[in-house]
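# Coordinate inspection notes
As a plain string of letters, each chain reads:
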Amino acid sequence: MERPIPQDVASLLIKSRSAVVLSLINAALVATVVSDGLGQTTMALWLGGSALIFAVVGAFAYRAGPPKVPRITPRVLRGLHVGAIAMALPWGVLCILALSLGGPAEQVVAMVVCAGTMAGSALVLLRVIRVAATFYLAMLLPCAAACLAANADHLWPIPVSLSLFGVYLLAAANTAGTKARERDISAADARRTVVELETAYETISKLAFFDITTDLPNRKGFVQRMDDLMEGGEDARPAFALFMLDLDRFKNVNDTLGHHVGDRLLAIVAERLRSQIDDDDMLARLGGDEFAVLVTSAHTPEALEALALKLVTCLNSPATIGSHEVYPGTSIGGARYPDDAGDSGDLMKHADIALHRAKESGRGCFVLFDESIRGEIARRDWIESELKTALASGQLRVAYQPKYDLLTGEVLGAEALVRWTHPLEGPIEPGEFLSVAAERGLIYRVTCSIVTEIARDLAAWRREGVDIGKIAMNLHPLDLKSPTDLLASLDSFAADGLDPRALILEVTEGCIVGRGMDCTPMLLDELSERGFEISLDDFGTGYASLSHLFKMPIREIKVDRSFIRGLTRSTTDRAVVSATVEIARELDLQVVAEGVETIEQVEALRALGVHSAQGFFWSGPISPREFEHIARIGTALEPSRSAKAG
């Protein structure tokens, strides 16, 4: 017999309440029927005692009923057995009275009543078969005792028949109880499974549409909300605005203080932003340090600017995280629906463009998408289209700005700079088309074109026997995010039989820090092992440039033109250049000054110990043929005509 479970006991207690009432009614009927044969006083006492017992058991069943039985303890089982004995006792006493005082009629009535009671108890106790067995024994033992006391052989068929009937009932009750228990267990499992599935669905929905770190809607949930607002007829679509913002220097927080501080900062930022917007507005975290606000409470440019100022201001104060004080800071770009875009994709793109414009204007700025930005987008779309044509038709060319030894005047090499002359537009500034190439996924093709041009020029100069020194080319940060493509482009050197040591790869701090640049050190190590020399461009303009000299295979540093420009006027600029030279000397690195324009700058650089430089003092970027001519001459310390004229 299996140990009962809470559902078994709960079923027994529920049925016991009605069983007590039926037993009391049955006892009253029996007392009425057999009172003439057994005596009215006797039956009155029996009925009173039975009623008292049934009332006590009923009260116990009511008090202990579900859900007050969370688990089955030995005390609960003892209580059930005591209750079964108490419920069986009146019927056992009835058997004794009928067998010892009554005639055949009273004995038949007692047997029928006991058999019926046993059958009824089987329905009540089938889930707790141990208690059912206790009930039957408590009923049958008094009958057997009465037969022994009466010493009447003709009475034995009564307890024997009841015993056989009881065994049958116990077996049937056990089978029915097992099936009922299994059914309840299955039902409970099904209910639990349903609850677990509902919980899992809620969790999945939360993970799919919400950000765990900030408990804000994520990009998917945010876009869905925008799409929902844009559905319906034109008259039913409400006007709203979209703000996009990201945090200033968030990667620095992760890198220097740890991701746990970064996550806490994101949560603090979310709380601050949420406190500044209306309940009808929607704040979301799009990913990383990017947030977005769907603004329905403000519509005019003035109201949107006021709200943006509130958001910027609330992030300007420091956030205390543990022992650290972190200044979040942000810039915001905005776009309006339906004025600036007709779908969520274009709206987010235009808001993102406005955000970039805001960041270019300085930290803590807000820019709302307008017609001037729309014109810029049209211009960039045109450049993208024409640049694809230029790449396919080979319109891009490489110009070379010579690099000189300041002591000997020897040509050390040159920096390769990409140039594009459009058939109708004419020359297009590199800064303009390179930014479009980076934004529209064309930078790899531009880099590949530059490498091809350099390789072709190097091969031609080698055939002519001209020693042109080393050629430097700039790498874009996106080049280092696609190492496979970059290495494939540079493999053309080996394919053309060129020495990788003839090429210097210039990287800026933007190639080393920032999102997605974690693998840069390994890539630079790989390039260095292949023979390419690595140069750190614009040295001194980034806050972490010095640390990179110890982590990367840097062989050359280029002092930014901003320090060269003020070299003869600013003690600070002179100190920076002097310190750079000392650092390079200690680390055995080459130093190149870029942007040299005057003889005074040349003399100052010599005095500080800088041995190589480039700039308009000698020459701007020139064609491969012109550079070949200069390389053949070998030395050129005389200033260019443009420098003299200036």
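Given the structure is predicted, the values throughout are model-derived calculations rather than measurements. (Residues numbered from 1 in each chain as written. Predicted model: local features only at pLDDT ≥ 70, side-chain atom pairs only at ≥ 80, totals over all residues. Heavy atoms only, no water.)

This part is about the packing of helix α11 (residues 344–361) against helix α12 (residues 371–393). To characterise two packed helices, one gives the angle between the axes of the helices and the distance between these axes. Two elements in contact, α11 and α12, have axes whose closest approach is 11 Å; the angle formed by their N-to-C orientations is 100°. Overall, the two elements α11 and α12 adopt an arrangement that is roughly perpendicular. Across the interface between the two elements, His350, Ile353, Ala354 and Arg357 from α11 touch Ser372, Ile373, Arg374, Glu376 and Ile377 from α12. (Axes fitted to C-alpha atoms, helices over the stretch in contact; angles between N-to-C directions. Helix = DSSP H or I, 4+ residues; strand = E, 2+ residues; numbered from the N terminus. Parallel < 35°, antiparallel > 145°, perpendicular 65-115°, else oblique. Contact = heavy atoms within 4.5 Å.)

As for its position among the elements, leucine 257 is in helix α8 (residues 250–257). For leucine 257, a relative accessible area of 25% puts it in the partly exposed group. Remark: the alpha-carbon pair of leucine 257 and valine 326, spanning 69 residues in sequence, is separated by 9.8 Å. Once residues within four sequence positions are removed from consideration, leucine 257 is found in contact with Asn252, His324 and Val326. (Buried < 20%, exposed > 50% of the residue type's maximum accessible area, 1.4 Å probe, protein only.)

Together, Val21, Leu22, Ile25 and Leu29 give the surface a local cluster of nonpolar side chains, amounting to about 390 Å² of exposed area. On the basis of relative accessibility, which here comes to 47%, the residue valine 21 falls in the partly exposed class. (Patch = residues over 30% accessible without salt bridge, like charges linked within 9 Å, V, L, I, M, F, W, Y side chains within 5 Å. Areas by Shrake-Rupley, 256 points an atom, 1.4 Å probe, with all protein chains shown as cover. Salt bridge = Lys/Arg side-chain N within 4 Å of Asp/Glu carboxyl O.)

A few words now on unusual backbone geometry. Residue proline 338 follows tyrosine 337 across a cis peptide bond; omega there is 5°. Mapped onto the elements, proline 338 comes out in the loop between β8 (330–337) and α11. You will see that aspartate 215, though not glycine, has its phi angle at about 60°, which is positive. Here aspartate 215 is to be found in the loop between β1 (210–211) and β2 (216–217). Overall, aspartate 215 belongs to the partly exposed group, its relative accessible area being 44%. For aspartate 588, which is not a glycine, the phi torsion comes out positive at approximately 60°.

On to the packing of aromatic side chains. To describe a pair of aromatic rings, you give the distance between the ring centres and the angle between the ring planes. Tallied over the full model, the rule gives ten aromatic pairs. Ring centres of tyrosine 400 and phenylalanine 627 lie 5.7 Å apart, and the angle between their planes is 20°; on these two criteria the pair is classed as stacked. With a gap of 227 residues between them, tyrosine 400 in strand β10 (residues 396–405) and phenylalanine 627 in helix α22 (residues 624–633) connect regions that are remote in the sequence. One aromatic cluster in this structure is built from Trp46, Phe54 and Trp91. (Phe/Tyr/Trp six-rings, centres within 6.5 Å; stacked < 30°, edge-to-face > 60°.)

A separate point is the sheet that holds β8. Read from one edge to the other, the open sheet built from five strands follows the order β4-β5-β3-β8-β9, with strand pairing classed as mixed. Taken across any chain shown, the strands that pair with only one partner, and hence form the sheet edges, are β4 (282–287) and β9 (366–368). Within the sheet, the average angular offset between the axes of one strand and its neighbour, ignoring direction, is 20°. Pairing of strand β3 (residues 240–247) with strand β5 (residues 290–295) involves six bridges; the strand directions are antiparallel. Its bridge partner lying in β5, alanine 241 is registered against valine 295. Its contacts with the sheet put helix α10 (residues 301–314) on β3, β5, β8 and β9, and the angle it makes with β8 is roughly 150°. (Pairing = 2+ DSSP bridges.)

With respect to the helices and strands, valine 451 occurs in helix α14 (residues 443–464). As for valine 451 and serine 492, which are separated by 41 residues in sequence, their C-alpha atoms are 7.9 Å apart. If we skip the residues at most four places from it in the chain, valine 451 touches Met473, Ser489, Leu490, Ser492 and Phe493.

Right, let's get into the nonpolar core. Core analysis: the largest hydrophobic core is formed by 78 residues, its most contacted members being Ile454, Ile471 and Leu527. Ranked by residue count, the leading element in this core is α14, at nine residues. Once you skip the residues sitting within four places of it in the chain, isoleucine 471 turns out to touch Tyr400, Ala414, Ala416, Ile454, Leu458, Trp461, Ala502, Leu503, Ile504 and Phe627. By size, the runner-up hydrophobic cluster in this structure holds 37 residues, among which are Ala61, Leu97, Tyr136 and Cys143. (Core = buried A, V, L, I, M, F, W, Y, C linked by side-chain atoms within 4.5 Å.)

The predicted model of the protein averages 83 in pLDDT, with 87% of residues at 70 or higher. Taken as a whole, residues 641–646 scores under 50 in pLDDT and shows five contacts with residues more than four places along the chain or in a different chain. (pLDDT = per-residue confidence, 0-100.)

Counting across every chain of the model gives 30 salt bridges. Arginine 440 is the salt-bridge partner of glutamate 439, the closest N and O atoms lying 2.8 Å from each other. Residue arginine 440 is classed as partly exposed on the basis of its relative accessible area, which comes to 22%. Among the salt bridges present, the one from lysine 470 reaches glutamate 533, with a minimum N-O distance of 2.8 Å. Here the residue lysine 470 occupies a position in strand β13 (residues 470–474), and glutamate 533 occupies one in strand β15 (residues 533–539), the gap between them amounting to 63 residues. A network of salt bridges, in which partner residues are shared, links Arg380, Asp381, Glu384, Lys388, Glu439 and Arg440.

Let us now look at the pairing of β10. Buried residues dominate β10, accounting for nine of its ten residues. Bridging between β10 and strand β11 (residues 411–422) involves nine bridges; their strand directions are antiparallel. Along β11, the bridge assignment pairs tyrosine 400 with alanine 416. Taking the residues that link successive antiparallel strands as the turn, the β10-β11 hairpin has five residues, and the phi of glycine 409 there is positive, at about 80°. Of the strand pairs in this sheet, β10 and strand β18 (residues 612–614) are connected by two bridges, and their pairing is antiparallel. Residue pairing for β18: aspartate 405 is matched across the bridge by serine 612.

The α-helix advances 3.6 residues per turn, and as a result positions three or four apart in sequence lie on the same side. With 23 residues, α12 should reach 33 Å at 1.5 Å per residue; the first-to-last C-alpha distance of 33 Å fits that figure. Within α12, burial applies to Ile373, Ile377, Arg380, Ile383, Glu384, Leu387, Ala390 and Leu391. Its buried side turned inward, α12 meets α11, β9, β10, β11, α13 (430–439) and α14. Glycine 394, located one to two residues past α12, shows a positive phi value of around 75°. (Expected span 1.5 Å × (residues − 1).)

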